[in-house]
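Residue-level structural notes
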Amino acid sequence: MLINPGFAANIRFEEWSEAMKVFRTEFPTAIGQTIYVTVLATVLAFAIGLPLGILLVIGEEDGIRPLPKWFMHLLNIVINLLRSLPFLILMILVFPITRAIVGTIVGTTASIVPLVIAAFPFVARLAESSLREINPNLIEMAQSMGASPWQIVTKVMIPESIPSLISNATIAITTILGYQAMSGILGGGGLGKIAINYGYYRYRTIVMILAVILLIILVQIFQTIGTKLAVKSDKRLRK
Amino acid sequence: MIEIRNLTKTFATNDGSVEALKGINLSIPDGVVYGVIGMSGAGKSTLVRCMNLLEVPTEGQVLYQGTDLAQLSAKELREKRREISMIFQGFHLLMQRTVLSNVCFPLELIGTKKDEAEKRAMELLKMVGLEDKANVYPAQLSGGQQQRVAIARALATEPKVLLCDEATSALDPATTNSILELIRSLQQQLNLTVVVITHQMSVIEKICQYVVILENGAVAEEGPVEEVFSRPKSRAAKKLVYPDESADGGIIVGPGEHFLRVIYNGSESARKPLIAQLARDTGILANIAYASTKSVNERAFGTMILSIKGSQEDADKAMEWMKTVEGIIVEEVNEDVN
């Protein structure tokens, strides 16, 4: 079979130069949007999820501040329900909420709403598992010294589980980064949108690969920082 | 004064309920070191945990200075608990806080100002000999040092009672001794009431004035340490005081044979040739059926069982003679020591 080598090289060259152009013009904004949405969504997911995680632990029947059984059932059901919805379906389902809060359902900022709603139940479970790692004897010690449930939460449970909470926050932020990329298909911004628009709709494979490589690098950076912080914060490891 | 009235604690388990404490009655006077000893599962930890209501009694009362703890509201109980401090086998320090910050913890709970709390914490650290470790983390300390921090922390709110739940069981013998000495000196300095839970006889011997022996959730014997340990009456007490006698299957009294138990209770007499003198003075020949003595703090402790073949009069005569020897206690064994 005859292939014109010049022609092939030409196409590749054009694809490359187009990709480079996209890389220069659109990627900086996209990277910024991805980080902005991911970090903000993680912070908000923790703002909601951490208190719920605390309730899951302290509200149990033999917890430090037992809550009504129906409430604990309801909390568990809501968290499990939100956790079982596929992210894209959830994104569509919460469009009305997104519109009510942000005023629109497309765009970078709008994608924060479904991200938070998808992530906070996940964060609640992560926080729950971190808080359960605490030696129950420490809680008993605090009780024996007359600590109130609120003091036990703020002075024992949270400070003692900081290293584990940081590790789990790292898991959360990388997962949310993945959701964020997915949101590109339904109007979200950032690297995911570029990968889908160029790679999937317009067959610009190189652009897609570049976007994916950048996502991988971001995950690596988040993970490395998270692991370092977790180790550094753990005073048990000091010798 | 801690008064325990008819205290019963039942735990629900998968195979029915377990009675950990069965109608305990005790009163612990102010300013003493009170020991609670028993085998594993005797209920001693449950008992001490009832004293600050970490365990809620199923029945009966725990009265602290006349107040029934179970009747207090959650808030009142939290306030009372500041007067009844506790230290634990596992120290239970907050691992993400420095030593100083650990000692400040109970003061933080009552809203003491930070600089004031730190000043008090430094004083306490000085008392337990760890002022140079104020800014290190618990993970960097040895077990004995961690327990010292825990003691300093327990004393931060100036409690009147210190409950020690197997506080030395995780420590080696030398460290155990230094911690016990610390507890005793702090007890005298601060006029504390100390309740010591332990399974080790040596701990009771070293610091307690009173002891209660628990067996299967009930009081087997109670009284001043000297009295209980020198003349144990109950089976549980004998098992503790003469652990080896029963381990060997006990002494079986045969016909025409008399057994005398000689108890060395920290006297110098252990160094004297007792049996030879007995033979010389009375002509009665005794054989050592069993002996176990040890030296604690240069004092002799232990028991010896002498077998005397002959009439009851011979045995009585030997007893009479031995009663004149200073520093030992003698009694006839006329039952299975098991």
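Because the structure is a prediction, the values reported are computed rather than measured. (Residues numbered from 1 in each chain as written. Chains lettered and ligands numbered in written order. Predicted model: local features only at pLDDT ≥ 70, side-chain atom pairs only at ≥ 80, totals over all residues. Heavy atoms only, no water.)

Take the overall build of chain B next. Scanning chain B from terminus to terminus reveals 12 helices and 14 strands. Over its C-alpha atoms, taken along the principal directions, chain B stretches across nearly 75 × 50 × 35 Å. Looking at chain B as a whole, 52% of its 338 residues are labelled buried. The long-range fraction of contacts in chain B, counting pairs at least 24 apart against all pairs at least 6 apart in sequence, stands at 68%. For chain B, the exposed surface amounts to about 15,100 Å²; the carbon and sulfur share of it is 46%. Charge separation in chain B, taken as the distance between the mean sites of 36 positive and 44 negative side-chain charges, equals 6 Å. (Helix = DSSP H or I, 4+ residues; strand = E, 2+ residues; numbered from the N terminus. Buried < 20%, exposed > 50% of the residue type's maximum accessible area, 1.4 Å probe, protein only. Contact = heavy atoms within 4.5 Å. Areas by Shrake-Rupley, 256 points an atom, 1.4 Å probe, with all protein chains shown as cover. Lys, Arg positive; Asp, Glu negative; His and termini not counted. Charge placed at Lys NZ, Arg CZ, Asp CG, Glu CD.)

Residues and elements named next belong to chain B. With respect to topology, 6 strands assemble into an open sheet ordered E6-E7-E8-E3-E9-E10, the strand pairing being mixed. Taken across any chain shown, the strands that pair with only one partner, and hence form the sheet edges, are strand E6 (84–88) and strand E10 (218–224). Across the sheet, the axes of successive neighbouring strands diverge by a mean angle of 15°, strand direction being ignored. Pairing geometry for strand E3 (residues 33–37) and strand E8 (residues 193–198), over 5 bridges, is parallel. The residue bridging Val33 from the neighbouring strand is Val194, located in E8. Across the face of the sheet, helix H5 (residues 143–154) comes into contact with E6 and strand E7 (161–165) while running at roughly 170° to E6. (Pairing = 2+ DSSP bridges. Axes fitted to C-alpha atoms, helices over the stretch in contact; angles between N-to-C directions.)

Right, let's get into the nonpolar core. Within the largest apolar cluster, 54 residues are counted, with the highest numbers of intra-cluster contacts made by Ile87, Leu125, Ile151, Ile183, Val194 and Phe229 of chain B. In this structure Ile183 of chain B touches Ile87, Ile151, Cys164, Val194 and Ile207 of chain B, once residues within four positions along its chain are discounted. (Core = buried A, V, L, I, M, F, W, Y, C linked by side-chain atoms within 4.5 Å.)

A few words on the confidence of the model for chain B. Here chain B averages 87 in pLDDT, and 92% of its residues register 70 or above. Predicted as a complex, the structure gets a pTM of 0.82 and an ipTM equal to 0.84. (pLDDT = per-residue confidence, 0-100.)

Bringing the side chain of Asn52 of chain B into the picture now. Inspection of the secondary structure puts Asn52 of chain B in the loop between helix H1 (44–51) and strand E4 (59–64). The buried category is assigned to Asn52 of chain B, whose relative accessible area is 0%. Non-local contacts of Asn52 of chain B, meaning those with residues more than four positions away in its chain, are made with Ser144 of chain A together with Leu69, Leu77, Arg81, Ile84, Met86 and Leu163 of chain B.

Attention now goes to the packing of helix H7 (residues 136–144) of chain A against helix H8 (residues 149–160) of chain A. Packed helices, taken two at a time, are described by the angle their axes make and the gap between the axes. Residue and element names in this part refer to chain A. Relative to each other, H7 and H8 sit at 155°, their axes nearing to 11 Å. Taken together, H7 and H8 sit at an angle that is classed as roughly antiparallel. By crossing handedness, the relation of H7 to H8 is classed as right-handed. Across the interface between the two elements, Leu138, Ile139, Ala142 and Gln143 from H7 touch Ile152, Val156, Met157 and Glu160 from H8. Taken together, the residues that form the contact of H7 with H8 break down as 6 nonpolar, 1 polar and 1 charged. (Parallel < 35°, antiparallel > 145°, perpendicular 65-115°, else oblique. Left-handed = near helix turned anticlockwise from the far one by under 90°. Nonpolar A, V, L, I, M, F, W, Y, C, P; charged D, E, K, R; others polar.)

What follows is about the state of the cysteines. Here a disulfide denotes a covalent bond joining the sulfur atom of one cysteine to the sulfur atom of another. All names here are of chain B. This structure, assessed with the given rule, holds 0 disulfides over all chains. No disulfide involves Cys164; its sulfur sits 9.0 Å from the nearest other cysteine sulfur, which is in Cys208. On the basis of relative accessible area, Cys208 is assigned to the buried category, the value being 9%. (Disulfide = S-S within 2.5 Å.)

With that settled, consider the interface of chain B and chain A. Between chain B and chain A, the residue contacts involve 24 residues of the former and 24 residues of the latter. The junction of chain B with chain A conceals about 2,300 Å² of combined surface from both sides, 59% of it contributed by carbon and sulfur atoms. By the criterion of area lost to chain A, the three top residues of chain B are His92, Gln96 and Leu109 of chain B, representing 28% of everything that side buries. For the pair chain B and chain A, the interface holds 2 salt bridges. Between Glu108 of chain B and Lys155 of chain A there is a salt bridge, and its shortest N-O distance comes to 3.0 Å. Taken together, the elements giving at least two residues each to the side of chain B that touches chain A come down to helix H2 (74–81), E6, helix H3 (99–109) and H5 of chain B. No other element matches the 4 residues that H3 of chain B contributes to the side of chain B that touches chain A. Its residues assigned to classes, the side of chain B that touches chain A comprises 13 nonpolar, 4 polar and 7 charged. (Buried area = accessible area lost by both parts, 1.4 Å probe. Salt bridge = Lys/Arg side-chain N within 4 Å of Asp/Glu carboxyl O.)

Residue and element names in this part refer to chain B. Relative to E4, strand E1 (residues 2–13) is paired through 5 bridges, and the arrangement is antiparallel. Paired with Glu3 across the strands is Leu63, a residue of E4. The hairpin turn running from E1 into strand E2 (residues 16–28), its antiparallel successor, is 2 residues long.

Using the criterion set out here, one finds 5 aromatic pairs over all chains in the structure. Lying across the ring of Tyr198 of chain A, Arg202 of chain A places its NZ or CZ 4.4 Å from the centre. (Phe/Tyr/Trp six-rings, centres within 6.5 Å; stacked < 30°, edge-to-face > 60°. Lys NZ or Arg CZ within 6 Å of the ring centre and 35° of its normal.)

A separate point is unusual backbone geometry. Residues other than glycine seldom take positive phi values, yet Leu53 of chain B does so here, at roughly 65°. Summarising the element assignment, Leu53 of chain B is placed in the loop between H1 and E4.

All names here are of chain B. Across its 18 residues, helix H6 (residues 173–190) extends 25 Å between first and last C-alpha, which sits within 8% of the 26 Å expected from 1.5 Å per residue. Regarding H6, the residues found buried are Thr176, Ile179, Leu180, Leu182, Ile183, Leu186 and Gln187. When H6 is viewed along its axis, its buried side chains cluster within an angular range of 160° and face the same direction. Facing away from the buried side of H6 by more than 90 degrees, the exposed set consists of Ala174, Gln188 and Gln189. Its side-chain oxygen at 3.2 Å from the backbone nitrogen of Ala174, Asp172 defines the N-terminal cap of H6. Once H6 finishes, Asn191 follows within two positions and takes phi at roughly 50°, a positive value. (Expected span 1.5 Å × (residues − 1). Arc of directions from axis to C-beta. Polar contact = N/O pair within 3.5 Å; in protein donor to acceptor, adjacent residues only side chain to side chain.)

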